[in-house]
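Here are the chains, one letter per residue:
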Number of protein chains: 2
Amino acid sequence: MQHNQVFNGLSRRELLSLIGITAGSAVMYQAMTSLGLAEESGYKGPLKLDGDPKGASVLILGAGLAGMTAALEMRQAGYKVQILEFNDRAGGRNWTLRGGDTYTELGGETQTCEFDEGMYLNPGPWRIPYHHNGLLAYCKRLGVALEPFQQLNHNAFLHSSKAFGGKPQRVRHIKTDFRGHVSELLAKVTQKSQLESSVTKEDQEILLEALKSWGALDADYGYRAGHLTSEYRGFEKDPGGGLGAAPVAGEPIGLPDILNSRLWGNLANYALYEFQTTMFQPVGGIDMIGKAFAREVGDLIKYNAKVSKIEQNDTGVTVTYEDTKNPGTPQQASADWCICTIPLTILSQIEINVGAPMQAAIEAVPYASSVKVGLQFKRRFWEEDDLIFGGVSYTDLPIAQISYPSTDFNKGGKGVLLGCYTWNGPNSYEFTSMSPAERVRLAVEYGSQIHPQYKDEFETGIAVAWHRVPFTLGCAGDWTEEARKEHYDNLCQIDGRIVLAGEHASYIPAWMEGAILSSLDAVSRLHQRVLAG
Amino acid sequence: MQHNQVFNGLSRRELLSLIGITAGSAVMYQAMTSLGLAEESGYKGPLKLDGDPKGASVLILGAGLAGMTAALEMRQAGYKVQILEFNDRAGGRNWTLRGGDTYTELGGETQTCEFDEGMYLNPGPWRIPYHHNGLLAYCKRLGVALEPFQQLNHNAFLHSSKAFGGKPQRVRHIKTDFRGHVSELLAKVTQKSQLESSVTKEDQEILLEALKSWGALDADYGYRAGHLTSEYRGFEKDPGGGLGAAPVAGEPIGLPDILNSRLWGNLANYALYEFQTTMFQPVGGIDMIGKAFAREVGDLIKYNAKVSKIEQNDTGVTVTYEDTKNPGTPQQASADWCICTIPLTILSQIEINVGAPMQAAIEAVPYASSVKVGLQFKRRFWEEDDLIFGGVSYTDLPIAQISYPSTDFNKGGKGVLLGCYTWNGPNSYEFTSMSPAERVRLAVEYGSQIHPQYKDEFETGIAVAWHRVPFTLGCAGDWTEEARKEHYDNLCQIDGRIVLAGEHASYIPAWMEGAILSSLDAVSRLHQRVLAG
């Protein structure tokens, strides 16, 4: 619920809450709409698990965000809770690599992170949209300090190795000039009355005004070099102070050049709902979230527990696991109920006696391939030389993106760039097949085509290829529309005494919000089941 | 210089610096351009005042950013420096009001700020564009910590009292839907081959692709309700986790409604070069900048000094002033040279023996009218109820804007909104004519049309009308193009032993960068004059 207006003395939230309590959430959604509150969040507000579970126990598999959310809520509701976790830390993909950390990927290669104090890479999730209310609510509740994450910096680069002689272009130029040319073209046909059928005569007058304002068109509806366009795209020579300080206008990039460069294709990365301002990141690394959860439920977690079998019967669930620090002797944990957040890549390899529909669903979801490389540099040349403060540059090179740190702006000193971030496609697979050192070497080599300073300033790097991450074997659930239609509900249904949760059991795959909302929904339904006896 | 690429072993910056040293800056600018470094900043890098001023002294009038920049640089270059300042603090318009501060405006009304600890209003400058390199360089040098300032938050409101029944609209809806409709219209005429003369057939194919991508058009080039458009504008019901969590698409706002609402006119506020991401603000209040300067040059400042006369002759400059804490006895200060940063509104009322051209220039620049009102609320309802994290809402109501704090996100607790920010026009004059209490009362009343929570949550406010600010009598120099043509160079020329500086002597009026660049230019030229004997 995104609105809370005061309504006849009762706040709308209070009113809606009353309606919700008496008539259920479908009626509540209708009420919201009729009150003019257009939108509903995937997060329904703090979980209220009323009713006594009467000593029921729950075994949670996985201490990622989904597992810890479930643990937090269910212990509070009176359940006996234990968590089994494969890693020797909580958080799962909510994970930050800092100097001194070591990481061994599938294939046996071990990297030791050599970043300086205060530098880090978030190999997995790294940014939070403003509408991920569930996650934001837990950050608030658990005291996780947030700072803005810059997705769009108008001074970052769009780069194509096949356009503009390989010279990177400023985002603000491509963005402003494309909008300007489009406005000019539409204004021209509007003036020629070629729109008559679709827009009324009166509206055409306003449309012309709007295009002029929006596109920075001149009095003749032209998008041309001059002070006006420079006020939007920046100047050739910026205005200054004192004598000889008059600005010099820049020359817009021609429409054919923009079109053929295909750099316009990157603009969506700044416009999507998930990437719009204001985005956030936790101060100090994404794992501040996992650590905050672990402060609450860490006492419930058994680490280094590798699950090999999940077995349920009419009275409970028994899980067989191995203590990876003392291997050889299978151990068991039992509870009345089980919430399993193990990624489907791994769960599909574990013996579990669920019904055929859930089993088919577990096997139906491929996991995305993704590679991230963090590169530490001696100095923040992107800020000092290029005036790029945060944001993401996009390129057609295999590294796909370069993201600049969203913190410690303008202070100088060292910095870590996200020097490669691929998502599916051949480049992801190719990077995954390389040794970590080779991934880092190539990220530096490719990146230096955009930032030649790389070669002088590079110090050390670390690379995570998600298909080689032992605890997930992939980045995130990569649902197709067809698979979702056939399997999603079967994946989410409670099967006997077992329910699954995690980003893979959500409509927001790969986002932390998906893990949390999935968990809250699973917990709610399981609690109802428990109360129903 | 915004680029620094390594060029045959010599960095481009080094190369340009060599060219600059041997051949002067015009050649250097040409060289920059030919090397493909498209743009030049108004800031030329750290000032280098080589050559011995041989004990020359300079009297600086005004301890704002221009005056303190001059003091910092000239003392370092070997000058004897003193500053006279009207206020009992340094910073000038670089000013922050916090709980316990009192402020008396022209007309005699005194306000005491009653904000809680940690809350503040920046009555004057408040945000820093990423290309204001001069200011950023001083922030770095003086250790002023910066944080991102959110100008654009896609979840903030655009509001017209005459459209949508007065219901505020989300920025993301107006922005996305206008772009979508424009794309659809242009795609239609492109498909009908009505663009033939302006765009080649091949480019038309790419244009259609680009419009589809940019405008979120469907396979038939339509901008319609559905998952695709919702991925940009947001959903009616956001995606969630578990069962029943499928998203529900929202219905775009029709083009006629957007056009007639005229809300499109606000989109420029997020697109202008001066307002593009990434913007900054100092952590803790804008006056952290003035305070940082004052830590360096505070020992040179005589406070409470009200200048009444500036007199130069062949050997020096003598300034007559009154100590406002001990009025009645005129005092004098003398030096070889004078840098005067007093706002022209006030300087035009002071006796000064400069030539007719400078005198005419001093009298030629009106000052903008501006009013800001800060409002403290019991809770951050804009974050908690409306999911607005920073950014600016625009409205056609007299308050013009509501700006949400860009710090302490998602923490809860109290907050101060900028509840009114007018710039010129009848509303500025009207607010200026009111008592401070009335300004605050009206800001709450108008603002509650956008945020009904105002009425319940409001605690205390403070209002600054710049035409009533005793030390400036206006907000900033409001040059017309004609006035600039006739008077600007005359204003900036050294007149005998006097040179003026400040945002009014720049092409970036009303911005801190203008004050600093103006000062650096004045100091450079004055230094050359001194060395020339």
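Residues numbered from 1 in each chain as written. Chains lettered and ligands numbered in written order. Predicted model: local features only at pLDDT ≥ 70, side-chain atom pairs only at ≥ 80, totals over all residues. Heavy atoms only, no water.

*Asks:* Quick question: what am I supposed to make of the nonpolar core here?
*Replies:* In a soluble, globular protein the nonpolar side chains are often hidden away together inside. Ranked by size, the top nonpolar core spans 279 residues in total, and within it Phe178, Ile289 and Ile339 of chain A together with Ile289 and Ile339 of chain B carry the most contacts. With sequence-adjacent residues up to four places away left out, Ile289 of chain B is seen in contact with Leu65, Asn94, Ile128, Leu135, Cys139, Val144, Pro282 and Met512 of chain B. Ranked by size, the runner-up nonpolar core spans 35 residues in total, among them Val319, Cys338, Ile350 and Tyr488 of chain A. (Core = buried A, V, L, I, M, F, W, Y, C linked by side-chain atoms within 4.5 Å. Buried < 20%, exposed > 50% of the residue type's maximum accessible area, 1.4 Å probe, protein only. Contact = heavy atoms within 4.5 Å.)

*Asks:* Please clarify how the sheet that holds strand β18 (residues 351–352) of chain B should be interpreted in this entry.
*Replies:* Either a parallel or an antiparallel arrangement is found when strands of a sheet pair, and the pairing is made through backbone hydrogen bonds. Pairing is mixed in the open sheet, where four strands are placed in the order β16-β15-β14-β18 (chain B). Here the strands that pair on one side only, and so sit at the sheet edges, are β16 (330–335) and β18 of chain B. (Pairing = 2+ DSSP bridges. Helix = DSSP H or I, 4+ residues; strand = E, 2+ residues; numbered from the N terminus.)

*Asks:* It is not clear to me how empty space enclosed by the protein should be interpreted in this structure. Could you clarify?
*Replies:* Any empty space left between atoms is shown by rolling a water-sized probe over those atoms. Enumeration over the complete set of coordinates arrives at five cavities of 30 Å³ or more. Of the pockets and cavities examined, the largest cavity occupies roughly 270 Å³. Taken together, 15 residues form the lining of the largest cavity, with Lys175, Arg179 and Trp214 of chain A together with Lys175 and Arg179 of chain B sitting closest to its centre. Mapped onto the lining of the largest cavity, the elements with two or more residues apiece are α4 (171–191) and α8 (268–271) of chain A together with α4 (171–191) and α8 (268–271) of chain B. Taken together, the residues of the lining of the largest cavity sort by class into ten nonpolar, one polar and four charged. (1 Å grid on protein atoms, 1.4 Å probe; cavity = no way out; pocket = protein on both sides within 12 Å on 5 of 7 lines; lining within 4 Å. Points joined across faces, edges and corners; volume = space filled by probe spheres on them. Nonpolar A, V, L, I, M, F, W, Y, C, P; charged D, E, K, R; others polar.)

*Asks:* Sorry, what's going on with the confidence of the model for chain A here?
*Replies:* Low pLDDT marks regions whose predicted coordinates should not be analysed in detail. Residue and element names in this part refer to chain A. With 93% of its residues at a pLDDT of 70 or more, chain A shows a mean pLDDT of 93. This model gives residues 1–38 a pLDDT under 50, and the stretch forms 66 contacts once residues within four places in sequence are excluded. The ipTM assigned to the predicted complex is 0.92, against a pTM of 0.93. (pLDDT = per-residue confidence, 0-100.)

*Asks:* Any chance you could explain the packing of helix α2 (residues 65–76) of chain A against helix α9 (residues 287–297) of chain A here in plain terms?
*Replies:* When two helices pack together, their arrangement is given by the angle between the helix axes and the distance between those axes. Residues and elements named next belong to chain A. Direction vectors running N to C along α2 and α9 enclose 30°, while the axes themselves pass 10 Å from each other. When you trace α2 past α9, the crossing you get is left-handed. Facing α2, whose interface residues are Leu65, Met68, Thr69, Ala71, Leu72 and Arg75, α9 presents Ile289, Gly290, Phe293, Ala294, Glu296 and Val297. Grouping the constituent residues of the contact of α2 with α9 by class yields eight nonpolar, two polar and two charged. (Axes fitted to C-alpha atoms, helices over the stretch in contact; angles between N-to-C directions. Left-handed = near helix turned anticlockwise from the far one by under 90°.)

*Asks:* Please clarify how the environment of Asp287 of chain B should be interpreted in this entry.
*Replies:* Residues and elements named next belong to chain B. Looking at the secondary structure, you find Asp287 in helix α9 (residues 287–297). Taking C-alpha positions, Asp287 is 14 Å from Gly118, a pair spaced 169 residues apart along the chain. Setting aside anything within four residues of it in sequence, one finds Asp287 in contact with Asn94, Trp95, Thr96 and Arg98.

*Asks:* Help me out: how do you make sense of the relation of the copies chain A and chain B in this one?
*Replies:* Superposition of the two copies of the chain requires a rotation about an axis and a shift along the axis. Each copy of the sequence occupies a distinct position, and chain A is placed on chain B by a rotation of 180° and an axial shift of 0.0 Å, giving an RMSD of 0.0 Å. Classification of the inter-copy transformation places it as that of a two-fold axis. Across chain A, the rotation axis passes nearest the C-alpha of Leu186 of chain A, at a separation of 2.8 Å. Most of the interface of chain A is mirrored in chain B: 99% of its interface residues are interface residues there too. (Least-squares fit on C-alpha atoms with pLDDT ≥ 70 in both.)

*Asks:* Hey, could you run me through the interface of chain A and chain B in this one?
*Replies:* Many authors give the size of an interface as the accessible area that is lost as the parts come together. Counting residues at the interface gives 112 residues for chain A and 111 residues for chain B. On inspection of chain A and its partner chain B, the count reaches four salt bridges. Lys140 of chain A is the salt-bridge partner of Glu384 of chain B, the closest N and O atoms lying 3.3 Å from each other. Counting across the interface, chain A meets chain B through 34 residue pairs in polar contact (both at pLDDT 80 or more). Per-element tally for the side of chain A that touches chain B: the top contributor is α4 of chain A, with nine residues. Grouping the constituent residues of the side of chain A that touches chain B by class yields 51 nonpolar, 34 polar and 27 charged. (Salt bridge = Lys/Arg side-chain N within 4 Å of Asp/Glu carboxyl O. Polar contact = N/O pair within 3.5 Å; in protein donor to acceptor, adjacent residues only side chain to side chain.)

*Asks:* Please explain the side chain of Thr395 of chain B as it appears in this structure.
*Replies:* All names here are of chain B. Take Thr395: it is sitting in strand β20 (residues 392–395). Its relative accessible area of 10% is what places Thr395 among the buried residues. Among the polar contacts made by the side chain of Thr395, one reaches the side chain of His159 at a distance of 2.8 Å. In contact with Thr395, not counting residues within four places along its chain, are His159, Ala400, Gln401 and Ile450.

*Asks:* Sorry, what's going on with the pattern of salt bridges here?
*Replies:* When charged atoms on two side chains of opposite charge get close, those side chains can pair. Evaluation of the coordinates by the stated rule reveals 52 salt bridges over all chains. Note that Asp408 of chain A is salt-bridged to Lys411 of chain A, the shortest N-O span being 3.2 Å. A relative accessible area of 34% means that Asp408 of chain A is categorised as partly exposed. Under the relative-accessibility criterion, Lys411 of chain A is labelled exposed at 54%. The network of salt bridges with common partners includes Lys140 of chain A together with Arg379, Glu384, Asp385 and Glu457 of chain B.

*Asks:* Would you take a moment to explain the packing of aromatic side chains for this structure?
*Replies:* Any aromatic ring pair is given by two values, namely how distant the centres are and how the planes are angled relative to each other. Tallied over the full model, the rule gives 49 aromatic pairs over all chains. Centroid distance Phe377 of chain B to Phe381 of chain B: 5.2 Å. Interplanar angle 90°. Geometry classified as edge-to-face. On the basis of relative accessible area, Phe377 of chain B is assigned to the buried category, the value being 0%. Classification of Phe381 of chain B as buried rests on a relative accessible area of 0%. Among the aromatic residues, those joined into a cluster by ring pairs are Phe377, Phe381, Trp382, Tyr404, Tyr454 and Phe458 of chain A. The side chain of Lys212 of chain A reaches across the aromatic face of Tyr221 of chain A, ending 4.9 Å from its centre. Geometry around Tyr421 of chain A places Lys372 of chain A over its ring, the cationic atom sitting 4.8 Å from the centre. (Phe/Tyr/Trp six-rings, centres within 6.5 Å; stacked < 30°, edge-to-face > 60°. Lys NZ or Arg CZ within 6 Å of the ring centre and 35° of its normal.)

*Asks:* Would you mind showing me how to read the UniProt feature "domain: Amine oxidase" (unreviewed entry) in chain A here?
*Replies:* Residues annotated by UniProt as "domain: Amine oxidase" (unreviewed entry) correspond here to residues 65–526 of chain A. With 33% helix and 20% strand, residues 65–526 of chain A has end C-alpha atoms that lie 18 Å from one another. (UniProt positions renumbered as here; feature names shortened; annotations may be inferred.)

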